[in-house]
Protein chains: 2
Amino acid sequence: MSDDLRELPLRERKKLRTRRALAETALRLFTERGYDATTLDDLCDAVEVSKRTFFRNYRSKEDVALAADSDLWSAYLDRVAAARLDGPLLEALRVALDATLEAMDADWERRFLATRELSESVPVLQAHSLGYCQDTTRAMVETLAGRSGAGVDDSRLRLTVEIFVAAWRTACLRWTAQGGEGGRDGLTRLIEQTFALIPDALTCTA
Amino acid sequence: MSDDLRELPLRERKKLRTRRALAETALRLFTERGYDATTLDDLCDAVEVSKRTFFRNYRSKEDVALAADSDLWSAYLDRVAAARLDGPLLEALRVALDATLEAMDADWERRFLATRELSESVPVLQAHSLGYCQDTTRAMVETLAGRSGAGVDDSRLRLTVEIFVAAWRTACLRWTAQGGEGGRDGLTRLIEQTFALIPDALTCTA
DNA sequence: GCGACAGTGCCACTGAGTGGCATTAGCTGT
DNA sequence: ACAGCTAATGCCACTCAGTGGCACTGTCGC
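Just so we're clear, the structure is a prediction, and the values are computed from it rather than from any experiment.

A. A look at unusual backbone geometry. Non-glycine residue Leu85 of chain A carries a positive phi angle of around 55 degrees. Along the chain, Leu85 of chain A falls in the loop between helix H5 (67-82) and helix H6 (89-103). On the neighbour-count criterion, Leu85 of chain A (21 C-beta atoms within 10 Å) is buried. The backbone of Glu48 of chain B shows a phi angle near 60 degrees, a positive value even though the residue is not glycine.

B. Representation of the packing of helix H9 (residues 154-177) of chain A against helix H9 (residues 154-177) of chain B within the structure. Look at H9 of chain A against H9 of chain B: their axes get within 9 Å of each other, and the N-to-C directions meet at 150 degrees. With respect to each other, H9 of chain A and H9 of chain B are oriented roughly antiparallel. Along this stretch, H9 of chain A crosses H9 of chain B, giving a crossing that reads as right-handed. Note on element contacts: H9 of chain B touches H9 of chain A through Ser155, Arg158, Leu159, Glu162, Ile163, Ala166, Ala167, Arg169, Thr170, Leu173 and Arg174 of chain B, opposite Ser155, Arg158, Leu159, Glu162, Ile163, Ala166, Ala167, Arg169, Thr170 and Arg174 of chain A. Broken down by class, the residue content of the contact of H9 of chain A with H9 of chain B amounts to nine nonpolar, four polar and eight charged.

C. Representation of the protein's contact with DNA strand C in the model. Every one of the 21 residues lining DNA strand C counts as a neighbour, but Arg52 and Thr53 of chain A together with Pro9, Leu10 and Ser60 of chain B are closest to it. For the surface near DNA strand C, the secondary structure elements donating two or more residues are helix H1 (10-33) and helix H3 (51-57) of chain A together with helix H1 (10-33), helix H2 (40-47) and helix H3 (51-57) of chain B. The element contributing the most residues to the surface near DNA strand C is H1 of chain A, with four residues. Within the surface near DNA strand C, the residues separate by chemical class into five nonpolar, five polar and eleven charged.

D. The UniProt feature "domain: HTH tetR-type" (unreviewed entry) in chain A, seen in detail. Mapped onto the present numbering, the UniProt feature "domain: HTH tetR-type" (unreviewed entry) falls at residues 16-76 of chain A. Secondary structure content for residues 16-76 of chain A is 79% helix and 0% strand, while the C-alpha to C-alpha distance between its ends is 21 Å.

Cut-offs and rules
- Residues numbered from 1 in each chain as written.
- Chains lettered and ligands numbered in written order.
- Predicted model: local features only at pLDDT ≥ 70, side-chain atom pairs only at ≥ 80, totals over all residues.
- Helix = DSSP H or I, 4+ residues; strand = E, 2+ residues; numbered from the N terminus.
- Buried ≥ 20, exposed ≤ 12 C-beta atoms within 10 Å, placed from the backbone.
- Axes fitted to C-alpha atoms, helices over the stretch in contact; angles between N-to-C directions.
- Parallel < 35°, antiparallel > 145°, perpendicular 65-115°, else oblique.
- Left-handed = near helix turned anticlockwise from the far one by under 90°.
- Contact = placed C-beta atoms within 7 Å.
- Nonpolar A, V, L, I, M, F, W, Y, C, P; charged D, E, K, R; others polar.
- Near = placed C-beta within 6 Å.
- UniProt positions renumbered as here; feature names shortened; annotations may be inferred.

The following block contains the structure:
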């Protein structure tokens, strides 16, 4: 995820470069000119690849815009699958998230903030981004359920994961609203604060 | 929402009939042939309407598939805006949801179940449906925040609403998984059960 | 060097969604 | 009943996202 892995087959390296150039340029163009105003032809022209090649790297226009999201979720899934996760589940999930954020590429932070800002101003990206969350929760529930035997209460598990995502999204929104203040450490702090708010949120009155 | 309102201007009635025919036929075709395999031309042919007219009634192909969702959320928003909502917010939101479900059209139940099943098997619909939830939560937060003065803690409010949606979605998933057993009463019971699970979900261990 | 083959470019195609303009059909007034 | 107004519709041409097919080229294993 983070290293360039100079010691890859030449072909792989080239392909990876193209992938990154696409994501990078897409983010720039979408931010500068707007998402709808930028066509895939524009993007492919800028990166000097054919549209066909674009679609071999990304499944859709939304996908390339949300590459930073995807990176985070896939790293997070890996971590959850590998971690032991003892103690209260909700807390364990949060800790795993902290660790994942910590381990992300330095460049990722910038990309992620830009992606969040983009996604909040473009409805179709927002929906697609929520789709990622959903897929990730589904996968997490499967991982977790498989681990503690098949007979575990799936609904409670799913609810836990959904609440986790609810808190994550709320924290993310706050982070973006304040312009990504404090970088990923700021985000981590907001996540902590937001999780701490949960008991209050359950009982607060209108 | 529920009555045909025979006492509308003829033009309005006709337009409404077209709208309903589109949603109804779309749901049938999508279910029978599959969402991707059904083109908008197919749908327009079946309803005997031009594609241009379709797009004057629905914003997109996803929109018409999720018309039942949209009906629910818009009714729910109305109710939340009108209700007093005293006591614990989360509980008040749930009660309002019960009441909204109760008040929906008899036909709506069938459409809604079909819509849920469709949405769970078609990723793009799932994402779009999550987008609806998101828009609704945003609107609800604005309504609620506006009501209790501007100075209220927005984050806590948003978190509450997000948790509400998390529980709703979990309940919905369970309901769909058991084939909509018990109709809307069954769904209401599942919602109650799921909300009751929340404290457990916060503390349960992996 | 020399095949094998992954990755790419090019081209033609489908289908979603939009803009423009002429036409229809429902609501006026007289 | 008739003519005029206007909302709603139909029709046509267009853009752009996304796909399939096939020829080509650069990389890898021998």
